[in-house]
Amino acid sequence: MSAYQFPEGFEWGTATASYQIEGGWNAGGKGESIWDRFCHTPGHIHDDSVGDTACDFYHRYGEDIGILKELGIKVYRLSISWPRIFPEGTGAVNKEGIDFYRNVLQRLHDNGIKSAVTMYHWDLPQKLQDRGGWANREIADWFRAYVKVLYERLGDLVDTWITLNEPICTSMAGYWYGEHAPGYHDYSMALQASHHLLLAHGAAVEEYRKTGLKADIGITLNMNMSYPFDPKNRADIEAAKRNQEHSNNLFGDPIFLGKYPEELFAYLEKRGAVLPDIRQGDIEIISQKLDFFGLNTYFTDHVKADESRWPLGALSLKTGRPHTDADWEVNPEGMYDLLKWIHGRYKPQKLIITENGAACNDWVNLEGKVSDPNRIDYIHRYLIQVHKAIGEGVPVKGYYVWCFCDNFEWAWGLSRRFGMVHVDYATQKRTPKESAYWYSKVIRDNGF
Ligand code: IFM
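Criteria and cut-off values
Residues numbered from 1 in each chain as written. Predicted model: local features only at pLDDT ≥ 70, side-chain atom pairs only at ≥ 80, totals over all residues. Heavy atoms only, no water. Near = heavy atom within 4 Å. Polar contact = N/O pair within 3.5 Å; in protein donor to acceptor, adjacent residues only side chain to side chain. Areas by Shrake-Rupley, 256 points an atom, 1.4 Å probe, with all protein chains shown as cover. Nonpolar A, V, L, I, M, F, W, Y, C, P; charged D, E, K, R; others polar. Pairing = 2+ DSSP bridges. Helix = DSSP H or I, 4+ residues; strand = E, 2+ residues; numbered from the N terminus. Axes fitted to C-alpha atoms, helices over the stretch in contact; angles between N-to-C directions. Contact = heavy atoms within 4.5 Å. Expected span 1.5 Å × (residues − 1). Buried < 20%, exposed > 50% of the residue type's maximum accessible area, 1.4 Å probe, protein only.

Draft legend 1. Just the site of the ligand, in detail. Lining the immediate environment of the ligand, one finds Gln20, His121, Trp122, Asn165, Glu166, Tyr298, Trp328, Glu355, Trp402, Glu409, Trp410 and Phe418. Between the ligand and histidine 121 there is a distance of 2.8 Å, counted from an oxygen atom to a side-chain nitrogen or oxygen. One of the side-chain nitrogen or oxygen atoms of tryptophan 410 is found 2.8 Å away from an oxygen atom of the ligand. The protein chains hide 96% of the 280 Å² of surface that the ligand would expose on its own. In the shell around the ligand, the residues fall into six nonpolar, three polar and three charged.

Draft legend 2. Here's a closer look at the sheet that holds strand β8 (residues 301–305). Strand order across the open sheet formed by three strands is β6-β8-β9, with mixed pairing between neighbours. Each end of this open sheet is capped by a strand with a single partner; those strands are β6 (226–228) and β9 (314–316). The sheet shows a mean angle of 40° between the axes of neighbouring strands, direction not considered. Pairing analysis gives three bridges linking β6 to β8, with the strands arranged parallel. Bridge pairing in β8 links tyrosine 227 to histidine 302. Along the sheet, helix α10 (residues 234–256) contacts β6, β8 and β9; its crossing angle with β8, the most-contacted strand, is approximately 125°.

Draft legend 3. Structural view of helix α7 (residues 139–154). Here α7 contains 16 residues, and its C-alpha end-to-end distance of 22 Å stays within 8% of the 22 Å for a straight helix at 1.5 Å per residue. Every buried residue of α7 is accounted for by Ile139, Ala140, Trp142, Phe143, Arg144, Tyr146, Val147, Val149, Leu150, Tyr151 and Leu154.

Draft legend 4. Representation of the environment of phenylalanine 292. Counting through the fold element by element, phenylalanine 292 comes out in strand β7 (residues 292–296). On the accessibility criterion, phenylalanine 292 (1% relative accessible area) is buried. For the pair phenylalanine 292 and valine 364, spaced 72 residues apart in the sequence, the C-alpha separation amounts to 38 Å. Ignoring any residue separated from it by four or fewer positions in sequence, one finds phenylalanine 292 in contact with Thr160, Trp161, Ile162, Asp216, Ile217, Gly218, Ile219, Lys350 and Ile352.

Given below as structure tokens:
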């Protein structure tokens with residue numbers, strides 16, 4: 001019996017995303033995605049790398065699923081590349097794309113590994129970006145047509161469906177601060193895109209309920225706690241509240257409470273932002289009942305009031321805590337606080353931590369091994385907090401480490417390693433790190 005025993009049937013998993021691992025960017029009839037375009041345009045990626053090959057999962061999925069099996073992973077989270085299914089975004093379905101995912105899902109199934117499939121993890125078809133992308137309200141219909149094909153053609157092999165991954169990154173990083181594709185800098189456009197993401201999410205749930213498929217469907221939101229930098233300073237307290245409403249409630253409230261955060265919207269309007277065009281019936285589409293809440297979380301925000309920061313008047317500062325190679329501070333108690341906060345506010349019947357993990361500066365040592373004690377320590381500490389929350393009644397049913405293998409970390413390219421499996425990008429050699437073996441034992445013991 002472990003000191004920290006998890007409930008029977010706890011779903012230990014690991015996560016990935018199409019653009020970050022697949023490569024084969026123009027193989028098998030795939031169309032161009034916004035990330036292909038973004039990376040192929042110089043100046044966007046810190047280390048000038050591109051995701052053309054990444055981990056070459058497109059050709060090596062058999063080997064990777066073999067490693068998953070060896071480690072005893074129960075659930076593998078992957079995403080579908082929209083332009084692999086619809087090279088033009090809409091219209092003709094690319095059968096080779098469907099076959100690729102059917103093969104992957106079948107292989108997982110044959111190895112006794114459950115699949116959790118994200119339908120959108122940021123690689124929009126470029127053809128749809130050319131029509132405005134997430135800033136165009138029509139995208140909810142484009143998404144509806146796309147997911148219908150996924151349900152029809154892959155539905156028999158999928159164990160869990162996730163509509164969108166971290167939609168706030170799609171809207172804010174993509175349309176406001178421009179760090180992600182398509183790289184715009186327009187806050188009001190980002191707010192409008194957020195609303196369209198929510199509509200697309202709702203459309204996907206609506207279509208799903210018509211299919212009669214039995215798997216669970218939910219969404220993955222990234223959230224984190226915001227604490228005032230100076231807990232005695234009134235302005236910091238208010239700024240932290242605003243910051244948290246922006247990072248958590250902007251998507252959480254409309255989906256789970258059927259309304260947008262009013263105070264936040266009033267503040268944004270006062271500061272000159274244009275609020276989204278919300279039409280009659282939109283909120284009903286957005287707030288349909290979900291089977292679970294998918295949570296991604298990595299760090300906490302410590303917020304100082306700063307009027308000069310438009311539009312939120314909030315600045316997140318470092319506190320001197322240890323940080324990972326992504327420069328994200330390690331604050332495991334933030335996981336506990338967040339789980340309690342979500343449970344209290346949204347009361348989901350089931351919660352899955354669909355991502356949590358650490359970037360570390362790992363390399364293969366002379367003995368051919370990868371020692372990554374900091375990643376082990378990070379996951380260990382965060383899991384202790386998850387365990388505590390479960391003990392207090394928060395219905396966390398699964399935990400997925402981000403990431404299964406090192407991969408293409410968006411604007412940071414190949415320079416940040418989040419994997420439990422090391423990837424040598426020159427040779428594509430895989431080396432499970434110590435964390436992979438540690439996690440494998442956690443799974444076997446259902447605790448630690
Ligand atoms: O790599 C990303 C992933 O695509 C989404 N969640 C956060 C991870 C680490 O930055």
